[in-house]
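Structural overview
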Amino acid sequence: MSPAKVTLSPKELELVNNADWILTKNAIIGKVYELFGQLSEIYREELAKHPSLAEQDIDFRSPKISKGEQYEGLPWVMLDHPRHFTNEDAFAIRSFFWWGKFCSITLQLSGSCKKKYEVSLQKYFDKAVHDDWYIGTGNEQWKHHFEEDNYLVHGHPDIPSFSQIPFIKLAKKIPLTDWEKLPVFFEESYREILQMLLGSGK
């Protein structure tokens, strides 16, 4: 039995004969890695200013950068710091680059970590509308897109209180066209998340 004929479209044929775009893509991913490496050191310094956030069973010391090619078909890079995942609990601040989409930063809490911080977070968001932040309202913790079945912008009337949802995900995004603003975006958003957890800030 001979294999079925596999054909390429004109666009696909053009790309398969052009190595430059793959090399450029690899260079961009390398620069994202470099940025996240720099951010991990800044995040360490910021966390060190708030020892009250540390917990014995949470690893606040070791940032983790990972990457992949197929989140909904597109390349991605992710930095988790701090990071703590078990079957029941999660505590993570996740910086995320998604090719062709956006960059985002997310606070993710579940289990005992959610219970510990949900009151401080609720107070923070009850003080004022923070319409640059999105509240996770979906059923799956591991989705990162910002469609309405996953996130609603803060201030939306359908957002439940944090005590009513099984896990907390708070996220903010920035378009890739604002590339030069990424370092400031991540640094300022990270500090704001720490303020939320401490029950201080805006």
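Residues numbered from 1 in each chain as written. Predicted model: local features only at pLDDT ≥ 70, side-chain atom pairs only at ≥ 80, totals over all residues. Heavy atoms only, no water.

**Some words on the overall build of the protein**
Rules: For the purposes of this entry, the term helix denotes a DSSP run of H or I that reaches at least four residues, the term strand denotes a run of E that reaches at least two, and both are numbered from the N terminus. A 1.4 Å probe rolled over the protein chains alone gives each residue an accessible area, and that area as a share of the maximum for its type sets the label: buried under 20%, exposed over 50%, partly exposed in between. Only heavy atoms enter the contact rule, under which two residues are in contact if any of them lie within 4.5 Å. Every accessible area reported is derived by Shrake-Rupley at a probe size of 1.4 Å, with residue values counting cover from the shown protein chains alone. A positive count includes Lys and Arg, and a negative count includes Asp and Glu. His and the chain ends are not counted in either. Charge positions are represented by NZ for Lys, CZ for Arg, CG for Asp and CD for Glu.
On a plain count of helices and strands, the protein comes out with four helices and seven strands. Shown N-terminal to C-terminal, the secondary structure of the protein runs as helices and strands in the order α-α-β-β-β-β-α-β-β-β-α. Dimensions of the protein, computed from the C-alpha atoms along their principal axes, are close to 60 × 35 × 35 Å. Here the protein, with 202 residues, has 42% of them falling under the buried criterion. Put simply, of all contacts in the protein between residues at least 6 apart along the chain, 61% involve residues at least 24 apart. When the accessible surface of the protein is split by element, carbon and sulfur atoms take 52% of a total near 11,500 Å². Distance from the positive charge centre (24 side chains) to the negative charge centre (29 side chains) of the protein: 2 Å.

**Here we look at the environment of Leu39**
Within the element layout of this structure, Leu39 appears in helix H2 (residues 20-48). The spacing of Leu39 and Lys116 is 77 residues in sequence and 26 Å in space, taken between C-alpha atoms.

**Describing a negative patch on the surface**
Stated formally: Like charges are joined within 9 Å and nonpolar side chains (Val, Leu, Ile, Met, Phe, Trp, Tyr) within 5 Å, but only among residues with over 30% relative accessible area and no salt bridge; these make up the patches. Only one rule defines a salt bridge in this text: a Lys or Arg side-chain nitrogen within 4 Å of an Asp or Glu carboxyl oxygen.
Together, Glu72, Glu147, Glu148, Asp149 and Asp158 give the surface a local cluster of negative charge. Mapping Glu148 onto the fold places it in the loop between strand S5 (134-136) and strand S6 (151-153).

**Some words on the environment of Ser104**
Summarising the element assignment, Ser104 is placed in strand S4 (residues 102-110). Taking the relative accessible area as the measure of exposure, Ser104 reaches 2% and is therefore buried. Residues Ser104 and Phe146, 42 residues apart in the sequence, show an inter-C-alpha distance of 9.9 Å. Those residues in contact with Ser104 that lie beyond four places of it in its chain are Arg94, Ser95, Phe96, Phe146, Lys172, Lys173, Phe185 and Phe186.

**Considering the environment of Lys115**
Among the secondary structure elements, Lys115 is positioned in helix H3 (residues 111-127). By relative accessible area, which is 65% here, Lys115 ends up exposed. Each C-alpha atom, one on Lys115 and one on Leu39, is 28 Å from the other, the two residues being 76 residues apart in sequence.

**Here we look at the nonpolar core**
Short version of the rule: Here, nonpolar core refers to any group of buried Ala, Val, Leu, Ile, Met, Phe, Trp, Tyr and Cys residues whose side-chain atoms link them within 4.5 Å.
Residues Phe36, Ile105, Leu109, Leu121, Leu170, Phe186 and Leu197 are the most contacted members of the largest nonpolar core, which totals 39 residues. Listed by contribution, the elements that provide at least two residues to this core are H2, strand S2 (74-85), strand S3 (90-98), S4, H3, strand S7 (167-175) and helix H4 (182-198). Top element by residues in this core is H4. It accounts for eight residues.

**Details of the pairing of S2**
Note the threshold: In this scheme, strands are said to pair when DSSP sees at least two bridges between them.
Extensive coverage of S2 is indicated by the burial of nine of its twelve residues. Relative to S2, strand S1 (residues 64-71) runs antiparallel, the two being bridged by six bridges. By the bridge assignment for S2, Ser66 is matched with Met78. Turn length for the S1-S2 hairpin, with the two strands adjacent in sequence and antiparallel, is two residues, and the turn residue Glu72 shows positive phi of about 50°. In this structure, S2 lies alongside S3, joined through eight bridges in antiparallel fashion. Each bridged residue has a counterpart across the sheet, and for Val77 the counterpart in S3 is Phe97. Linking two consecutive strands that pair antiparallel, namely S2 and S3, is a turn of four residues.

**Considerations on the pairing of S7**
Along S7, seven of the nine residues are buried, which leaves the element largely enclosed by surrounding structure. Where S4 lies against S7, nine bridges are found, and the strand directions are antiparallel. Its bridge partner lying in S7, Leu107 is registered against Leu170. Of the strand pairs in this sheet, S5 and S7 are connected by two bridges, and their pairing is antiparallel. Paired with Tyr134 across the strands is Ala171, a residue of S7.

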